[in-house]
Amino acid sequence: ITVTTKVWWSDMGYEKTRESVSQSLQRLGASTADLVLLHWPGRWLSSDARSNRVLREGSWKAMRELQEEGRINEIGVSNFTIRHLEEMLLYTDALPAVNQVEVHPYSQDRGISIQAYSPLASGQLQLLQDPLLLEVATSKGLSPAQVVLKWHLQRGLTPVAKTTSTRRLKENLISKESPDLTASEMDVLASLDR
């Protein structure tokens, strides 16, 4: 189990970030978090790029200090674009251990280590009904969800799949132990990138 928490966009900036992490640790009953993520690269719906950059820099400084103090093991970000990551090079030499972003076969990573939330895509995208995915699932004797989760795992990603169904949770967990996808099956899923 990895204890992960996030600094919400409304808690960005040096002081607010320190307070946010302290409150999260208190609520968790923990003295240390394994991973703390800066949830979003700016204040929600704010178009003030300069202000958001200042807040990101302050938050990162606070998280680095908390890491040096031993209160955080690893620090990362969520939903950062390449531009945000490159900008970080201007104010730190300690880049994020993780950039948590939405990843599934319809939206794939671009060479950055990824912790994938929404690995099965949102329902409106209907990934699990994709004909190519259904073909692979049928040939493997697996559900489409199991195939997608196995695809993530074989790519070295950490999929964070949510469900309220006990049956689906068990099905999702079994995907780790299911037979590996072949190279051609992996290619089929990779071809779904939009």
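Every residue gets a number counted from 1 within its own chain, in the order that chain's sequence is written. For a predicted model such as this one, the threshold for reporting local features is a pLDDT of at least 70, and the threshold for listing and counting side-chain atom pairs is 80 or more; totals across whole chains, interfaces and linings nevertheless cover every residue. Note that water and hydrogens are dropped before the side-chain values are worked out from all heavy atoms of the structure.

1. Digging into the pattern of salt bridges
It is possible for side chains bearing opposite charge to pair when their charged atoms get close. As a reminder, the rule being used: Any carboxyl oxygen of Asp or Glu within 4 Å of a side-chain nitrogen of Lys or Arg constitutes a salt bridge here. The numbering of helices and of strands both runs from the N terminus, where a helix is a DSSP run of H or I of at least 4 residues and a strand a run of E of at least 2. Relative accessibility under 20% of the residue-type maximum defines a buried residue, over 50% an exposed one, and the middle range a partly exposed one, all with a 1.4 Å probe and only protein chains included.
Across all of its chains, the model carries 9 salt bridges by this definition. Taking the shortest distance from any N to any O, the salt bridge between Glu 69 and Arg 18 comes out at 3.1 Å. With Glu 69 in the loop between α2 (49–68) and β3 (72–78) and Arg 18 in helix α1 (residues 14–28), this pair connects stretches of sequence that are 51 residues apart. With a closest N to O distance of 3.8 Å, Arg 53 and Glu 87 form a salt bridge. With Arg 53 in helix α2 and Glu 87 in helix α3 (residues 82–88), this pair connects stretches of sequence that are 34 residues apart. Taking relative accessible area as the criterion, Arg 53 reaches 27% and is therefore assigned partly exposed. Residue classification places Glu 87 among the buried positions, given a relative accessible area of 10%.

2. Some words on the confidence of the model for the chain
Selection rule: The predictor reports its confidence for every residue as pLDDT, a score running from 0 up to 100.
This prediction gives the chain a mean pLDDT of 88; 93% of its residues lie at or above 70. When the elements of the chain are averaged for pLDDT, strand β5 (residues 114–117) gives the smallest value, 71, and α1 the largest, 97.

3. Some points on the environment of Gly 70
Here Gly 70 lies in the loop between α2 and β3. By relative accessible area, which is 37% here, Gly 70 ends up partly exposed. Spatially, the C-alpha atoms of Gly 70 and Tyr 14 are 17 Å apart, while their sequence positions differ by 56 residues.

4. Quick notes on the environment of Leu 189
For Leu 189, the position within the fold is in helix α7 (residues 183–190). Owing to a relative accessible area of 0%, Leu 189 belongs among the buried residues under this scheme. Considered as a pair, Leu 189 and Trp 151 are 38 residues apart in the sequence and their alpha carbons are 7.5 Å apart.

5. Focus on helix α5 (residues 144–154)
In terms of burial, α5 is largely enclosed, as 9 of its 11 residues are buried. Those residues of α5 lying buried are Pro 144, Ala 145, Gln 146, Val 147, Val 148, Leu 149, Lys 150, Trp 151 and His 152. Immediately downstream of α5, the backbone of Gly 156 shows phi near 85 degrees, a positive value.

6. Quick look at the nonpolar core
What counts here: What we call a nonpolar core is a set of buried Ala, Val, Leu, Ile, Met, Phe, Trp, Tyr and Cys residues that are connected through their side-chain atoms within 4.5 Å. Working rule for contacts: check all heavy atoms of both residues, and any pair within 4.5 Å makes them a contact.
Formed by 18 residues in total, the largest nonpolar core has its most connected members in Val 21, Val 36, Leu 38, Trp 60 and Met 63. If you list the elements that add at least two residues to this core, you get α1, β2 (33–38), α2, β3 and α3. Those residues in contact with Met 63 that sit more than four places away from it in its chain are Val 7, Thr 17, Val 36, Leu 37, Leu 38, Ile 72, Ile 75 and Gly 76.

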